[in-house]
Amino acid sequence: MLNRLVIVGGGTAGWMTASYFKAAFGDRIDITLVESGNVGAVGVGEATFSDIRHFFEFLGLKEKDWMPACNATYKLAVRFENWREKGHSFYHPFEQMRSVNGFPLTDWWLREGPTDRFDRDCFVMPSIIDAGLSPRNLDGTLIDQPFVEGADEMQGLTMSEHQGKTQFPYAYQFEAALLAKYLTKYSVERGVTHITDDVQKVNLDERGWISGVTTAEHGDITGDLFVDCTGFRALLMNKALEVPFVSYADTLPNDSAVALQVPQDMKARGILPCTTATAQDAGWIWTIPLMGRIGTGYVYAKDYLSPEEAERTLREFVGPAAADAEANHIRMRIGRSENSWVNNCVAIGLSSGFVEPLESTGIFFIHHAIEQLAKNFPDDSWNPVQRKLYNDSIAHVMDGVREFLVLHYVAAKRDDTQYWRDAKTRRIPDGLAERIETWKTQLPDTETVFPYYHGLPPYSYMCILLGMGGIELKPSPALALSDPGLAQREFAAIRDKTRRLTETLPKAYDYFAAQH
Ligand SMILES: Cc1cc2nc3c(=O)[nH]c(=O)nc-3n(C[C@H](O)[C@H](O)[C@H](O)COP(=O)(O)OP(=O)(O)OC[C@H]3O[C@@H](n4cnc5c(N)ncnc54)[C@H](O)[C@@H]3O)c2cc1C
Ligand SMILES: N[C@H](Cc1c[nH]c2cc(Cl)ccc12)C(=O)O
């Protein structure tokens, strides 16, 4: 029976994989995780999708179990600043799009929105975020969204099966290194063998399959299925098996980042419960509030900016609080492995692929890969159909997210530097130009976005198109003949709900302080 899993790498990907498969298969699977004591993890994956809650549910963990241990906070949206022009901002929130008479509310908004802010008119979340509030009351109850928490019929579904059925109102932000530590304890307590050592050699048999890995001090580790979680090094997949890497550099030029961890008195500062992406001359800066510190970093293209200039800009952006913080400069490999499962080796995490963290997709990629591997877990027959299903699914998710990210740059109105001007003329992925032409006439829907599951619903595309402001959009002609009364009532209902919630919800900081 095929049941010996060897995971190389102990970053977020390695420990998420180990803990998930222990939760899935218990004692019927034998898991060894080997991680280097010398090569560090990237450790800056701090913001997530809302779907990650299914991962924690699968492990049987509640927020109160893991969130305080990881200094975690809630993320209700991505806030984009200065992408349209300096001083402008908008939100891409975790909130289902309302429909009126079969048209998305944003379509009605294009025709006669109450204000010039589509996000505040069409969603409740932006005002809650601006007020620094928690989506949960102090007693733990969740704001009443068109969503049923823990509904029985939703249990056990994969992320792709969930999409379109519900929209959970928040995701998480946490210290990635603390999550890896938490999952290490979880996994080891459930029987995962943890080895701290350097893998020096990957051994292949005569067919080119991995027979084992040789470590510096623990000899050879053998297994059936090997999971490459070695980060950008991709030691097993790209180095040993020489699987080609498909670069996205021609469409997404940001290839570098500099990150700072800035200790802050969050009680005094307050928590804006979202991830902020602030456009800069040659990229953008993320700001992620955690309990006790801010995580921040400048993602940029080295063709346009030097690491020294990037660090200087970031330090100026943060201000005096950054003075003692040590800068972490990172080179990012943007793209994906041509295949992420080859022979008996599966790459998960940065070794499989990565796009810049603009929509916090790194941990989502990991979670998706784990779910797909569990679904297609092989037996001794090594049915190639399972490998193909898995590889197609990973490629679709990564290519779809790439397209969504490219849209951010093409749609951004800003054109005040060469970096932003070039973003309008750079090659874009096949199919996107045609889709953008379609969206100029009709806002994105399931029929007109990237045609495979990639984690992002059509309303996410609407938010980016409406917020970035560089592409002219028109309301559907049919709305000119439709009674706008219902839409006006929906806008009013959103205003009422926003008022009620902003008067009653606790501050985000107070909510977490009570949990800690
Ligand atoms: C700048 C930046 C910002 C990001 N922000 C986000 C975000 O906000 N949200 C999000 O979801 N994702 C984000 N990501 C992605 C996220 O960081 C990764 O998806 C996540 O950390 C997974 O990394 P990993 O485990 O694949 O690799 P790593 O963290 O690099 O871990 C690699 C592991 O392999 C081990 N290893 C390497 N070589 C050997 C060897 N020879 N022998 C033994 N072990 C070895 C290392 O010790 C380490 O444990 C970001 C990434 C970057 C670069
Ligand atoms: N799978 C969805 C993806 C999604 C829906 N709304 C948002 C908003 C933001 Cl900022 C990121 C991702 C998504 C989910 O995780 O809820």
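Refer to the structure above for everything that follows.
These lines cover the structure that appears in this document, whether it is placed above or below. Just so you know, these numbers come straight off a predicted model, no measurement behind them.

1. What to know about the overall build of the chain
Now for step 1: In terms of regular secondary structure, the chain is built from 18 helices and 23 strands.
Now for step 2: Relative to its length of 516 residues, the chain is compact, with a C-alpha radius of gyration of 23 Å against a globular reference of 24 Å.
Now for step 3: A principal-axis box enclosing the C-alpha atoms of the chain has dimensions of 70 × 50 × 50 Å.
Now for step 4: The proportion of buried residues among the 516 residues of the chain is 58%.
Now for step 5: Side-chain charges of the chain comprise 51 positive and 68 negative groups, with the mean position of each set lying 2 Å from the other.

2. Examining the site of ligand 2
Now for step 1: In the neighbourhood of ligand 2, 13 residues make up the surrounding shell, with Ser50, Asp51, Gln167, Gly455 and Tyr459 lying closest.
Now for step 2: The side chain of Ser50 places a nitrogen or oxygen atom 2.5 Å from an oxygen atom of ligand 2.
Now for step 3: Within the backbone of Gly455, an N or O atom sits 2.9 Å from a nitrogen atom of ligand 2.
Now for step 4: Relative to its unbound accessible surface of 380 Å², ligand 2 loses 97% to contact with the protein.
Now for step 5: The set of elements that each furnish at least two residues to the shell around ligand 2 consists of strand 5 (89-93) and helix 16 (458-468).
Now for step 6: When the residues that make up the shell around ligand 2 are grouped by side-chain class, the tally is six nonpolar, five polar and two charged.

3. So, the site of ligand 1
Now for step 1: Around ligand 1, 33 residues are found, and the nearest of them are Val39, Val42, Ala47, Leu350 and Ile363.
Now for step 2: In the environment of ligand 1, an oxygen atom lies 3.3 Å from a nitrogen or oxygen atom belonging to the backbone of Thr12.
Now for step 3: Contact between ligand 1 and Val199: a nitrogen atom at 2.9 Å from a main-chain N or O atom of the residue.
Now for step 4: In isolation ligand 1 exposes 1,000 Å². Once the protein is present, 97% of that is buried.
Now for step 5: Put simply, the parts of the chain that give the shell around ligand 1 at least two residues each are helix 1 (12-25) and helix 12 (362-375).
Now for step 6: Considering every element that reaches the shell around ligand 1, the biggest residue donor is helix 12, with three residues.

4. Description of the pattern of salt bridges
Now for step 1: What the rule picks out here adds up to 26 salt bridges.
Now for step 2: Here Glu81 makes a salt bridge to Arg79, at a shortest N to O gap of 2.7 Å.
Now for step 3: What emerges from the salt-bridge pattern is a single network uniting Arg79, Glu81, Arg120 and Asp130.

5. Thoughts on the nonpolar core
Now for step 1: Judged by nonpolar contacts, the single largest core of 151 residues is most densely connected at Trp66, Trp83 and Ile348.
Now for step 2: A per-element tally of this core places helix 13 (residues 384-411) first, with 12 residues.
Now for step 3: Contact partners of Ile348, with chain neighbours within four places excluded, come to Ala13, Thr17, Val227, Asp228, Cys229, Ile366, Ala369, Ile370, Leu373 and Tyr390.
Now for step 4: Listed in part, the 17 residues of the second largest apolar core include Val6, Val202, Phe226 and Met237.

6. Describing the packing of helix 1 against helix 8 (residues 176-189)
Now for step 1: In contact at an axis separation of 9 Å, helix 1 and helix 8 are set at 30 degrees when each is read in the N-to-C sense. Comparing their axes, helix 8 and helix 1 come out roughly parallel. Read as a crossing pair, helix 1 and helix 8 show a hand that is left-handed. Only Ala176, Ala180, Leu183, Thr184, Tyr186, Ser187 and Val188 of helix 8 make contact with helix 1, whose side of the interface consists of Thr12, Trp15, Met16, Ala18, Ser19 and Ala23.
Now for step 2: Of the residues that constitute the contact of helix 1 with helix 8, the class distribution is nine nonpolar, four polar and no charged.

7. Re the packing of aromatic side chains
Now for step 1: For the coordinates displayed, the defined rule picks out 41 aromatic pairs.
Now for step 2: When the centroid spacing of 5.6 Å and the interplanar angle of 45 degrees are considered together, the rings of Phe21 and Phe377 count as tilted. Residue Phe21 is found in helix 1, and its partner Phe377 is found in the loop between helix 12 and helix 13; the two are separated by 356 residues along the sequence. As far as the burial class goes, Phe21 and Phe377 line up, both buried.
Now for step 3: Here the aromatic rings of Phe123 and Tyr459 are separated by 6.0 Å at their centres, their planes lie at 50 degrees, and the arrangement is tilted. With Phe123 in the loop between helix 5 (118-122) and helix 6 (125-130) and Tyr459 in helix 16, the pair connects residues that are 336 residues apart, well separated along the chain.

8. Here we look at the sheet that holds strand 19 (residues 328-331)
Now for step 1: An order of 5-4-16-17-18-15-19 is seen for the seven strands of this open sheet, with the pairing classed as mixed. Taken across any chain shown, the strands that pair with only one partner, and hence form the sheet edges, are strand 5 and strand 19. The average angle at which neighbouring strand axes cross in this sheet is 20 degrees, direction not considered.
Now for step 2: Taken together, the four bridges between strand 4 (residues 77-81) and strand 16 (residues 275-280) define a ladder with parallel strand orientation. Paired with Arg79 across the two strands is Thr276, which belongs to strand 16.

9. A few points about the pairing of strand 18 (residues 293-300)
Now for step 1: Most of strand 18 sits out of view: eight of its eight residues are buried.
Now for step 2: Side-chain alternation along strand 18 places Arg293, Gly295, Gly297 and Val299 on one buried face and Ile294, Thr296, Tyr298 and Tyr300 on a second face that is also buried.
Now for step 3: Two strands pair when backbone bridges link them, and strand 15 (residues 256-263) and strand 18 are joined in this way by eight bridges, in the antiparallel orientation. In the strand pairing of strand 18, Leu260 is matched with Thr296.
Now for step 4: Alignment of strand 17 (residues 283-289) against strand 18, held across seven bridges, turns out to be antiparallel.

Conventions and cut-offs
- Residues numbered from 1 in each chain as written.
- Chains lettered and ligands numbered in written order.
- Predicted model: local features only at pLDDT ≥ 70, side-chain atom pairs only at ≥ 80, totals over all residues.
- Heavy atoms only, no water.
- Helix = DSSP H or I, 4+ residues; strand = E, 2+ residues; numbered from the N terminus.
- Rg over C-alpha atoms; globule rule 2.2 N^0.38 Å.
- Buried < 20%, exposed > 50% of the residue type's maximum accessible area, 1.4 Å probe, protein only.
- Lys, Arg positive; Asp, Glu negative; His and termini not counted.
- Charge placed at Lys NZ, Arg CZ, Asp CG, Glu CD.
- Near = heavy atom within 4 Å.
- Polar contact = N/O pair within 3.5 Å; in protein donor to acceptor, adjacent residues only side chain to side chain.
- Areas by Shrake-Rupley, 256 points an atom, 1.4 Å probe, with all protein chains shown as cover.
- Nonpolar A, V, L, I, M, F, W, Y, C, P; charged D, E, K, R; others polar.
- Salt bridge = Lys/Arg side-chain N within 4 Å of Asp/Glu carboxyl O.
- Core = buried A, V, L, I, M, F, W, Y, C linked by side-chain atoms within 4.5 Å.
- Contact = heavy atoms within 4.5 Å.
- Axes fitted to C-alpha atoms, helices over the stretch in contact; angles between N-to-C directions.
- Parallel < 35°, antiparallel > 145°, perpendicular 65-115°, else oblique.
- Left-handed = near helix turned anticlockwise from the far one by under 90°.
- Phe/Tyr/Trp six-rings, centres within 6.5 Å; stacked < 30°, edge-to-face > 60°.
- Pairing = 2+ DSSP bridges.

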